[in-house]
Amino acid sequence: MTGALRLPDGLAWLRDVPGGPEWLAELPGRLATCARRWSLRLGPPFGYACASLALPAELPDGTRAVLKLQFPDAESEHEATALRRWEGDGAVRLLGHDPDLRALLVERCNPGTPLHALPLDAALDAVVALLPRLWVPAGQPFTSLAEAAAGWVSRLPVKWERAGRPFERRLVDAALDLLGGLTGSQGVQVLVNQDLHAANVLRAEREPWLVIDPKPLVGEREFSVVPMVRGTELGHSRAAVRHRLDRLSAELGLDRDRVLGWTIGQTTAWSIDGDRVFPDHVEVVRWLLD
C-alpha cells in the first residue's frame with residue numbers, strides 16, 4: 001500500500017466516541033507494524049467498514065489474506081478465539097493474531113460475494129447447511145448470552161429515556177419481559193455468533209460459503225439465527241422477516257417461540273446506540289409483536 005491512508009466513511013462515527021480519535025490516529029502506525037511483522041503487501045482498505053479497518057493482504061508465499069484492525073470493543077474481543085475454535089470449518093481460517101494491536105490476519109474469501117446476492121430461499125438454504133457446523137461446545141473466555149442479556153436489560157430503559165423515548169414504551173417492556181424469561185431457561189450452550197447476518201457470509205473457493213467477522217457468545221442455538229431473522233440484507237418487510245423466522249426455526253429444529261423472543265429482545269436492545277436510533281430495528285420489533 002502506498003500513499004496516505006484513506007479511511008472508509010463507515011468509520012467516521014469513531015471520531016465522536018471515547019478513544020475513537022486516538023485509535024484512528026494510530027492506524028497508520030499499526031498497519032506499518034503489522035506489515036513488518038507478517039511481511040505483508042497491503043492493498044487499499046475495503047470500502048465497507050463499521051468497527052474495524054480491513055485491507056487485502058498478500059504474504060510472501062503468495063497467500064492472499066485480509067488484515068483486520070479492530071476498534072477495541074467487548075463484542076469483538078474474542079473473535080480470534082472463535083475462529084481458532086472453528087478451525088476453518090464453516091468460517092475463515094485465522095492466519096495470525098496480535099492481541100495488543102487488536103490485529104487479525106485471516107483467510108481471504110474469493111470471489112467474496114456476500115450471501116445476500118442470492119435469492120432469499122437460496123440464501124436460507126445455505127444458512128441451514130452452514131450454521132450447525134458452527135454450534136461447537138464452548139466456555140471461557142467467551143461472554144455468556146446470559147451475561148450479555150443482563151446488560152441489555154439494564155441498559156435498554158436508560159438508553160430509551162436518554163434518546164428521548166424514540167418509540168413506544170410497549171416495545172421496551174416486551175423486550176425486557178422476554179429477555180428476563182429466556183435467559184434462565186436456555187438449552188445446551190454452544191458457540192453462537194451475534195453478528196451472523198447475510199453480509200458476513202461470503203462466497204469462497206475452499207468452501208461454498210464462509211463466515212467472517214464473528215461476535216461470539218456462549219448461548220443456546222435459538223439465539224444464533226437472530227441476526228439472519230432481523231437483518232435487512234435478505235429483504236426488509238414483515239413478510240420477509242416472518243419467512244426467515246419460520247424457515248430457519250423449522251429446518252434447524254429450533255424452538256420458534258424462543259427464536260422470536262430472542263429476536264425481539266436483542267433487536268430492541270440494539271435499536272439505540274447513543275443518540276442514534278435504528279428505524280429498521282424498530283420496524284422488525286413491531287412486525288414481530290403485531
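Above this text sits the structure in question.
Predicted model, so just to flag it, every value in this text is computed and none were measured.

Caption draft 1: Quick look at the overall build of the protein. Scanning the protein for helices and strands turns up nine helices and 11 strands. Considering only C-alpha atoms, the protein reaches an extent of 55 × 40 × 35 Å along its principal axes. Looking at the protein as a whole, 51% of its 290 residues are labelled buried. Sequence separation of 24 or more characterises 69% of the internal contacts of the protein that already satisfy a separation of 6 or more. Accessible surface computed for the protein: about 12,900 Å², of which carbon and sulfur atoms make up 52%. Side-chain charges in the protein split into 33 positive and 38 negative, and the spacing between the mean points of these groups amounts to 2 Å.

Caption draft 2: Structural context of the packing of helix α7 (residues 238-251) against helix α9 (residues 279-289). Between α7 and α9, the least distance of the axes is 10 Å, while the angle of their chain directions is 70°. By the angle between their directions, the pair α7 and α9 is classed as roughly perpendicular. Judged by the sense of rotation from one axis to the other, the crossing of α7 with α9 is right-handed. Judged by residue contacts, R238, V241, R242 and L245 of α7 engage V284, W287 and L288 from α9. Counted by class, the contact of α7 with α9 contains five nonpolar, no polar and two charged residues.

Caption draft 3: Just the nonpolar core, in detail. Counting 75 residues, the largest nonpolar core has L115, W152, M228 and L248 as its most contacted members. Sort the elements by how many residues they give to this core and helix α3 (residues 120-134) lands first, with eight residues. Among residues more than four places away in sequence, those in contact with M228 are L115, V127, L196, H197, A198, V201, L234, R244 and L248. Judged by nonpolar contacts, the second largest core, of 23 residues, contains L14, L24, L27 and W38.

Caption draft 4: How the structure looks around the environment of W38. Its place among the elements puts W38 in helix α1 (residues 20-38). Along the primary structure W38 and A199 are separated by 161 residues, whereas in three dimensions their C-alpha atoms are 27 Å apart. In contact with W38, not counting residues within four places along its chain, are P60, L67, G96, H97, D98, A103 and L105.

Caption draft 5: Local environment of α1. Across its 19 residues, α1 extends 26 Å between first and last C-alpha, which sits within 8% of the 27 Å expected from 1.5 Å per residue. A maximum bend of about 45° is found in α1 at L27, where proline P28 lies one to four positions downstream. Three or more residues of α1 are buried, namely G20, W23, L24, L27, R30, L31, C34, A35 and W38. Along its buried surface, α1 packs onto β1 (41-42), β2 (52-58), β3 (64-70), β4 (94-98) and β5 (103-107). Positive phi appears at S39, one or two residues downstream of α1, with a value of about 55°.

Caption draft 6: Just empty space enclosed by the protein, in detail. Counted by the stated rule, this structure contains two cavities of 30 Å³ or more. Approximately 50 Å³ is the volume attributed to the largest cavity. Forming the walls of the largest cavity are L115, A126, V127, L130, L131, L196, V201, W209 and M228. Top element by residues in the lining of the largest cavity is α3. It accounts for four residues. For the lining of the largest cavity, the per-class residue count stands at nine nonpolar, no polar and no charged. Taken as a whole, the second largest cavity spans an internal volume of roughly 40 Å³. Considering the residues around the second largest cavity, the lining is formed by W86, L131, L134, W135, L191, V192, N193, L196 and S224. Listing elements by their share of the lining of the second largest cavity, those giving two or more residues are α3 and β6 (190-193). No other element matches β6, which puts three residues into the lining of the second largest cavity. In terms of residue class, the lining of the second largest cavity is built from seven nonpolar, two polar and no charged.

Caption draft 7: Examining the pairing of β5 more closely. Counting buried residues in β5 gives five out of five residues, a clear majority hidden from the surface. Two elements, β3 and β5, share five bridges in a ladder whose sense is antiparallel. Within β5, the residue paired with V66 across the bridge is V106. Direction of pairing for β4 relative to β5: antiparallel, over a ladder of four bridges. Counted as the bridge partner of D98 is A103 from β5. The hairpin formed by β4 and β5 contains four residues between the paired strands, and R102 there has a positive phi angle of roughly 50°.

How each quantity is defined
Residues numbered from 1 in each chain as written. Predicted model: local features only at pLDDT ≥ 70, side-chain atom pairs only at ≥ 80, totals over all residues. Heavy atoms only, no water. Helix = DSSP H or I, 4+ residues; strand = E, 2+ residues; numbered from the N terminus. Buried < 20%, exposed > 50% of the residue type's maximum accessible area, 1.4 Å probe, protein only. Contact = heavy atoms within 4.5 Å. Areas by Shrake-Rupley, 256 points an atom, 1.4 Å probe, with all protein chains shown as cover. Lys, Arg positive; Asp, Glu negative; His and termini not counted. Charge placed at Lys NZ, Arg CZ, Asp CG, Glu CD. Axes fitted to C-alpha atoms, helices over the stretch in contact; angles between N-to-C directions. Parallel < 35°, antiparallel > 145°, perpendicular 65-115°, else oblique. Left-handed = near helix turned anticlockwise from the far one by under 90°. Nonpolar A, V, L, I, M, F, W, Y, C, P; charged D, E, K, R; others polar. Core = buried A, V, L, I, M, F, W, Y, C linked by side-chain atoms within 4.5 Å. Expected span 1.5 Å × (residues − 1). Bend = angle between axes of the 7 residues up to and from the residue. 1 Å grid on protein atoms, 1.4 Å probe; cavity = no way out; pocket = protein on both sides within 12 Å on 5 of 7 lines; lining within 4 Å. Points joined across faces, edges and corners; volume = space filled by probe spheres on them. Pairing = 2+ DSSP bridges.

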